[in-house]
Each structure stands twice: as structure tokens, then as C-alpha cells.
Amino acid sequence: MAAREGYIIYIDMDSFFASCELLRHPDLKEKPFAVVTKSADKFRGVVQTANYSARKFSIHSGMPIMKALQLYPNLYCIKADHDYYEEISDEISDMLKSYGFEIEMVSIDEAAIDTTGLEESKVVEIAKDMKRKISDGLKLPCTIGIAKGKTFAKMACDSAKPNGFLFIKGDETLDFISYKRVSDIPGVGKKTEEKLANLNMYYIRDLKNANVQALVGLLGEYGSKIYNLSNGIDEEKIVSDWVTLSVGREKNLNEDTNDTSVIMAKLKELSNDTADMIRSTKKLYKSITVKVRYFDFNTKIKTKTLSYYTDSADVLYSEASELIKPLIKDNIMVRRVGVRVSTLMDSSHQQKLF
DNA sequence: CAATCGCTTCACT
DNA sequence: CTAACGAGTGAAGCGATTG
């Protein structure tokens, strides 16, 4: 079990959307507020990011707005402005790229940087420099974790939030993770945690001496991944040229309905948006998926793969409307519809449309 | 038997 | 502190199908 050679610097912005909003609404400082889904109907939205003052009232991302307002009735809600956050994210990534290391933008507000080849003291120095640039230059708070491995670095980062900095030396990795909960492993959510709890495994140290086969039986290949992690082996690679596998849009209807014309109108809107996205990334699609969520949250999808690649919005809409027909039923109200395209290809590859 | 397809599940912000 | 009825996006996984 060869340990990873190099350190990974993992940077995660603190309540990113909320911090971005503070840049242009400084008056909100200290006030509990939340960035919420920009949905037509506020009664159906959820909190996307709560600032730390709001988190004191147990408000967090994913929580229905209505619930958040119960917890703190004066909560100030701002509709998410993704274009704005994207611009700021680009500034951050440009700045980080200028150091010349291999870097992965893991999400709009997270980056992983591979410093393999650099001596230990230098790694910490550079990471501090990055934090200073984000804090002084961009006026945004962030947390940095450093460890031997992308997953471990992210975990270090998570446990140092907010506005933190944590360096885990290579030989301290096992000590660091052993007493953490299984749910502290990125990718282990509610369901996986539950399954592990059924085997009486709650902490990472419980995984360490577990039977690998049992874990694989329970979780598939992911089982062996977390087994390795629990033993200090983190083989996650930094992927700088991340390939998009699918793109789509989905949206709640203003109210539940089974009126075909209303659903088709929404489908057209979503198809156009999706086609716009695919064109803006200079890609072509071959597969089309439609999704319907009914009033009771039951969700069905239908997928069709074409015999050719295209970026046409019209093709998307007409195929999607055929796919969705069998999902619309007289007696079941529809709450939400979605369109997604996959099996993508660069349009520069110049293939023919047949 | 490997690649692709269609669909469900899961995680995150 | 549970559950909360909850938006939007995308990847992973898996069984069935196909060639």
C-alpha cells in the first residue's frame, strides 16, 4: 500500500453564494439570510445556501423555504443568481491556475490542486498565499485543507470550516480520519450511512477492519473504495479536463396539472434552454431523456437514443414530446418536468448528422 | 461478451 | 433533534438488450 507521494490542496469557499451576495449587499452582514432557488413560486423553493448567522438557526441547504421561515421568520431570502456566482468562480479559478499546478475545479466553489513534487513546507506556504489572495484580493472567505489525497484533503477542508486552514501531515492521515463518521466521507450520504449502520459501522475506524467482500456486497465497488480510504489509501485523481456527460433542465410547474398543453409548453421552454446550453458548450447530443415528477413525488423518466448527433432545439422538443406522452395520465397530476441530453460529442469533431 | 441503452438511486449545493 | 413534502443538476450503478 504505497502512500500517495504528493499533497493535495483543497479549497472550498465558505457559503459561497451567500458570500457573493454580501459583496454587493454589504448591509446584510451579520443578518441571517439565505440564497434560495430562483423559482417562479416561492412556496416551492428551497434554501441553496444559508449564511452562517442563518445556520445558527439550523437553516441549511436543501431545506424548504417554508421550513426555514418557521425557524427564523425574518429570514431574508435572495434569489440565486448563478451567472454572477459563475463570474466570481472564474476569477478564483484563473487566479489559482496562475500558480501552474494541475488543478481541478470540482464545482463552482471548490478546487483541488495537485502539488506533487513540491516539498512539504512549500506546499503550506503556497496554500496560505492562495488563501490570502482569495481573502484580500477577492474579499471572500474560504477554507483550505491539505492532505495526501484528494478525498483526505477535502475532509480536512470540511472539518476546518469556516474560514479555516488545516494541514494533515502524511503520517497523521489515519489518525485524522479514524475517529470521523462514515458520513464524513465525501459521497457517503444518508442512504449509504444507513446501510453501514445496519452493519454496526458508524465510524471510519469501523470500516478499517471490516470484511471487504461484505462492503462490496453492500455497496458495490464503492464499498472497496471506502474500505481503502479507511486504511489510508486515497487514489482519487485530480481531473483537470472534466468531461460533461449530460446536460439538462428541469422545473416545477406553477401548479400541479395534467393539462397536456401546459406540460408541452413547459417542455418546449426546457428544450430550448437545454439546446442553448449544449450549443454554448459546442457540443452535440445523441440521447434525450424526459422526466416527469407526479404530485406524490413519484418520478418517471423515458430515454431515447437517436441514430445521429445534433444540437437542434426542434429535434429535442419533438422527440421529447413523444417521449413524455405515455407519462401523462388522466388521473395523475404532474408536478415537475425535465429534459436532459446525453451521449455528447464535441461539435468540432464534425461528424455528419446521419 | 463487451458496448450500449433505459432507468433508478444517490449525493450535493 | 426527529422530519420537514422540499429545487435543481448531474454522476454512478445495474439489469436488459444488442451485435
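Look up: the structure comes first, before these words.
One structure accompanies this document, and this report is about it. (Residues numbered from 1 in each chain as written. Chains lettered and ligands numbered in written order. Predicted model: local features only at pLDDT ≥ 70, side-chain atom pairs only at ≥ 80, totals over all residues. Heavy atoms only, no water.)

### Concerning helix H12 (residues 260-280)
Selection rule: Only DSSP runs of H or I with at least four residues qualify as helices, and only runs of E with at least two residues qualify as strands; both kinds are numbered from the N terminus onward. Between the first and last residue of a helix there are one fewer steps than residues, each counted as 1.5 Å, and that sum is the expected span. Here the term buried applies to any residue with accessible area under 20% of the maximum for its type, exposed to any over 50%, and partly exposed to those in between, with areas from a 1.4 Å probe on protein chains only. In what follows, residue pairs with any heavy atoms lying within 4.5 Å of each other are defined as contacts.
Taking 1.5 Å of rise per residue, the 21 residues of H12 would be expected to cover 30 Å, and the 30 Å separating its terminal C-alpha atoms lies within 8% of that figure. The set of residues buried in H12 consists of Ile263, Met264, Lys266, Leu267, Leu270, Ser271, Thr274, Ala275 and Ile278. On its buried face, H12 is in contact with strand E9 (246-257), strand E10 (283-294), helix H13 (313-324) and strand E12 (334-342). Of the residues trailing H12, Lys282 is marked for its positive phi of about 55 degrees.

### Focus: the packing of aromatic side chains
Aromatic ring pairs: the centre-centre distance and the angle between the two ring planes describe each pair. Inclusion rule: Here is the rule: rings of Phe, Tyr and Trp (six-membered ring for Trp) pair when centre to centre is within 6.5 Å. Planes less than 30 degrees apart are stacked, more than 60 are edge-to-face, and the remainder are tilted. Throughout this description, the term charge over a ring refers to an Arg CZ or Lys NZ atom that lies within 6 Å of the ring centre and within 35 degrees of the ring normal.
Per the counting criterion, the structure on display carries 5 aromatic pairs. Each ring, one from Phe16 and one from Phe17, has its centre 6.1 Å from the other, and the planes form 50 degrees; the classification is tilted. The interplanar angle of 15 degrees and the centroid separation of 4.4 Å between the aromatic rings of Phe17 and Tyr85 together place this pair among those described as stacked. Placement of Phe17 in helix H1 (residues 16-24) and of Tyr85 in helix H4 (residues 82-97) is noted, with a sequence separation of 68 residues between them. Under the relative-accessibility criterion, Phe17 is labelled buried at 9%. Judged by its relative accessible area of 0%, Tyr85 falls in the buried class. The residue whose ring lies beneath Arg24 is Tyr84, and the NZ or CZ to ring-centre distance is 3.8 Å. The lysine or arginine in question, Lys128, covers the ring of Phe165, its NZ or CZ lying 5.7 Å from the ring centre.

### Focus: the pairing of E12
Across a regular strand the side chains alternate sides, sitting on one face of the sheet and then on the other. To keep it simple, the criterion reads: The pairing criterion for strands is at least two bridges between them, as found by DSSP.
Summarising burial for E12: 8 of the 9 residues are buried, a large majority. Across 8 bridges, the pairing between E9 and E12 is antiparallel. By the bridge assignment for E12, Thr257 is matched with Val334. Alignment of E10 against E12, held across 8 bridges, turns out to be antiparallel. Bridge pairing in E12 links Arg293 to Arg336.

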